[in-house]
Amino acid sequence: CASVDGTASALRAVTHQRHGCDVAAPSGPGGIAHVRTPLGWRCPLGTTLRLALDLPEAQAAWLCALGAVYVDRQRAQDPSSPVAGGAYIRAHTVPRRYPTLTADAWRARVLHQCSDFLAVDKPAGVPVHATVDNARETCQAQLEGLLGGQVLCPHRLDVPTRGVLLLARGPEPLRAAQAELRARRVRKVYRALCAPREPGCEALMEGDLVHYLSPGPRSPVAAAAEPQGPGWRLCESRVLAGRPCSVRLGLPPAESLFRAEDFELQLGTGRTHQLRAQLAFEGWPIVGDLEYGGLATEGARGGVGGEAARDGHAPGEEVGGAGPVCTIPRAGLGAFFGLAASSLALQLGGRQYEFSLAGASAGTNEFWGSAAVPSREPEH
């Protein structure tokens with residue numbers, strides 16, 4: 001991106017001026033707008049956004065409160081804060097939205113609560129902590145609002161993953177939990193509902209999964225049996241069990257039944273997207289994980305790389321029925337994703353903690369049939 005004055009490398013080429021502000025019109029995912037205020041400028045942030053971007057002041061205030069606005073690369077959530085001349089503003093004018101839960105719904109998801117720690121059943125579709133354009137509709141922010149105190153994140157789960165999430169209620173408990181995680185003394189077990197990418201794919205046997213993941217922060221990450229160059233990272237997990245089953249998609253008379261496996265896995269290393277990439281590499285992507293080629297669960301979607309969907313679904317092995325049949329719930333924001341952190345165990349301060357989802361060891365249909373999260377649409 002071109003810089004206006006050489007000091008703000010993220011500022012796009014100016015498209016126009018409004019009230020003396022240099023403005024690069026919203027573009028790209030998230031409708032990102034860039035603003036440089038003129039020398040001598042001094043207005044509240046909300047007013048600055050209204051004048052420079054022609055936004056209603058209420059919308060500007062809402063974007064700030066959501067965490068979608070930055071001033072000089074620092075998130076700015078107070079629309080009344082002053083903006084000086086020469087300031088660089090980045091505003092995500094179309095921020096991503098996430099489900100929010102009522103206080104009662106969150107209380108029902110608490111697995112453990114004490115002065116140092118909180119363990120919850122994280123809903124699918126809700127980020128653990130702030131994203132680049134949303135700092136309010138997160139587990140961390142919603143739980144801080146519920147508890148009226150600080151909540152810190154020693155680890156995280158991917159946005160679409162549900163399950164056991166451990167949170168610290170202060171810096172000391174945070175450091176203690178992080179030390180256990182770094183030492184790999186935390187036992188984390190997942191359930192993964194997977195469908196083979198190709199017909200005839202052999203089920204994974206119990207035992208270790210050892211792969212290397214591609215370097216870099218972008219997803220999807222690639223997995224390989226051997227490092228493919230500098231920076232490839234070792235990742236390890238273990239298949240504890242596999243249960244043959246079938247996944248039913250759609251409604252009669254157009255329903256389809258697909259071969260699947262309900263795997264139980266123990267995480268070794270904790271790389272981003274590790275299990276998703278490992279299972280996809282082995283030919284068993286997670287149901288609903290389109291980023292890694294998984295079976296689509298709603299709408300006419302394609303697989304990874306734009307591969308055309310068959311009968312509205314990513315490629316899979318259609319069968320007449322094998323093992324328990326799991327009917328996938330299909331519901332807007334509660335779209336199905338077949339990965340759940342089913343249990344977590346660790347020792348802190350000489351005390352052993354173990355947290356599990358209700359029904360963590362239940363059968364396939366019982367466990368996955370309750371995986372859709374009853375959540376309400378986010379509101380302005």
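Shown above is the structure to which this text applies.
In short, a report on the structure. What you are looking at is a predicted structure, and each value in this text was computed from that prediction instead of being measured.

Calculation notes
- Residues numbered from 1 in each chain as written.
- Predicted model: local features only at pLDDT ≥ 70, side-chain atom pairs only at ≥ 80, totals over all residues.
- Heavy atoms only, no water.
- Helix = DSSP H or I, 4+ residues; strand = E, 2+ residues; numbered from the N terminus.
- Buried < 20%, exposed > 50% of the residue type's maximum accessible area, 1.4 Å probe, protein only.
- Contact = heavy atoms within 4.5 Å.
- Areas by Shrake-Rupley, 256 points an atom, 1.4 Å probe, with all protein chains shown as cover.
- Phe/Tyr/Trp six-rings, centres within 6.5 Å; stacked < 30°, edge-to-face > 60°.
- Pairing = 2+ DSSP bridges.
- Core = buried A, V, L, I, M, F, W, Y, C linked by side-chain atoms within 4.5 Å.
- Salt bridge = Lys/Arg side-chain N within 4 Å of Asp/Glu carboxyl O.
- Axes fitted to C-alpha atoms, helices over the stretch in contact; angles between N-to-C directions.
- Parallel < 35°, antiparallel > 145°, perpendicular 65-115°, else oblique.
- Left-handed = near helix turned anticlockwise from the far one by under 90°.

Okay, the overall build of the chain next. Of regular secondary structure, the chain possesses seven helices and 19 strands. Counting only residues that meet the buried cut, the chain has 49% of its 380 residues in that class. Sequence-distant contacts in the chain: of pairs separated by 6 or more residues, those separated by 24 or more amount to 64%. Roughly 16900 Å² of accessible area belongs to the chain as shown, and the carbon and sulfur atoms make up 51% of that amount.

Centre-to-centre distance and the angle between the planes together describe a pair of aromatic rings. Tallied over the entire structure, the rule returns five aromatic pairs. Measuring from centroid to centroid gives 6.1 Å for phenylalanine 117 and tyrosine 353, while their planes differ by 65°, and the two rings are edge-to-face. Placement of phenylalanine 117 in strand S10 (residues 117–122) and of tyrosine 353 in strand S19 (residues 351–356) is noted, with a sequence separation of 236 residues between them. According to the relative accessible area criterion, tyrosine 353 is buried, its value standing at 10%. With 4.9 Å between their ring centres and 85° between their planes, phenylalanine 367 and tryptophan 368 make a pair best called edge-to-face. The same class applies to phenylalanine 367 and to tryptophan 368, which are both buried. Following the ring pairs from residue to residue traces out a cluster consisting of Phe117, Tyr353 and Phe355.

This part covers unusual backbone geometry. With an omega dihedral of 0°, the bond running from serine 219 to proline 220 counts as a cis peptide bond. By the secondary structure assignment, proline 220 is in the loop between strand S13 (207–213) and strand S14 (223–224). Despite not being glycine, histidine 19 shows a phi value in the positive range, around 55°. Tracing the backbone through its elements, the reader meets histidine 19 in the loop between strand S1 (16–18) and strand S2 (21–27). Positive phi is not limited to glycine here, since histidine 273 has a value of about 65°. Residue position: histidine 273 is located in the loop between strand S16 (256–267) and helix H6 (274–281). Given the relative accessible area of 11%, histidine 273 is considered buried.

Buried residues dominate S10, accounting for six of its six residues. Covered by surrounding structure in S10 are Phe117, Ala119 and Asp121 together with Leu118, Val120 and Lys122, the residues of both alternating faces. For strand S9 (residues 110–113) and S10, the ladder comprises three bridges, and the chain directions are antiparallel. The residue of S10 that forms the bridge with histidine 112 is alanine 119. Counted along the chain from S9 to the antiparallel partner S10, the turn is three residues long. The pairing of S10 with strand S11 (residues 162–168) spans six bridges and is classified as antiparallel. Within the sheet, the bridge partner assigned to lysine 122 lies in S11 and is glycine 163.

It is characteristic of soluble globular proteins that their nonpolar side chains tend to be buried jointly. Core analysis: the biggest nonpolar cluster contains 31 residues, and Leu193, Val247, Ile328, Leu346 and Phe355 have the highest contact counts within it. Only S10, S11, helix H5 (171–182), strand S15 (233–249), S16, strand S18 (339–348), S19 and helix H7 (364–368) provide two or more residues apiece to this core. Element by element, the count of residues in this core is highest for S18, at four residues. Once you skip the residues sitting within four places of it in the chain, isoleucine 328 turns out to touch Leu193, Val247, Arg248, Leu249, Val287, Thr297 and Phe336. If you look at the next biggest cluster of nonpolar residues, it comprises 29 residues, including Leu101, Val151, Cys194 and Phe263.

By the definition in use, this model includes 17 salt bridges. Residues arginine 185 and glutamate 180 are paired through a salt bridge, measuring 2.9 Å at the closest nitrogen-oxygen approach. You can call arginine 185 exposed: its relative accessible area is 52%. Residues joined in a network through salt bridges with shared partners are Arg156, Asp158, Arg276, Asp289 and Glu291.

Contact geometry of helix H1 (residues 45–53) with helix H2 (residues 57–66) gives a least axis separation of 8 Å together with a crossing angle of 125°. Between H1 and H2, the interaxial angle falls into the category oblique. Here H1 and H2 pass one another in a crossing that is right-handed. Contacts between H1 and H2 pair Leu45, Gly46, Thr47, Leu49 and Arg50 from the former with Glu57, Ala60 and Cys64 from the latter.

Taken across its eight residues, H6 has seven buried, putting it largely inside the fold. All of the buried residues in H6 are Gln274, Leu275, Arg276, Ala277, Gln278, Leu279 and Ala280. Check the buried side of H6 and you find it contacts strand S12 (187–194), S13, S14, S15, S16 and S18. Looking one or two residues beyond H6, the residue adopting positive phi is glycine 283, at roughly 90°.

Here threonine 131 is to be found in the loop between S10 and helix H4 (139–147). For threonine 131, a relative accessible area of 14% puts it in the buried group. Leaving out residues up to four positions away in the same chain, threonine 131 has contacts with Tyr70, Arg75, Arg96 and Tyr98.

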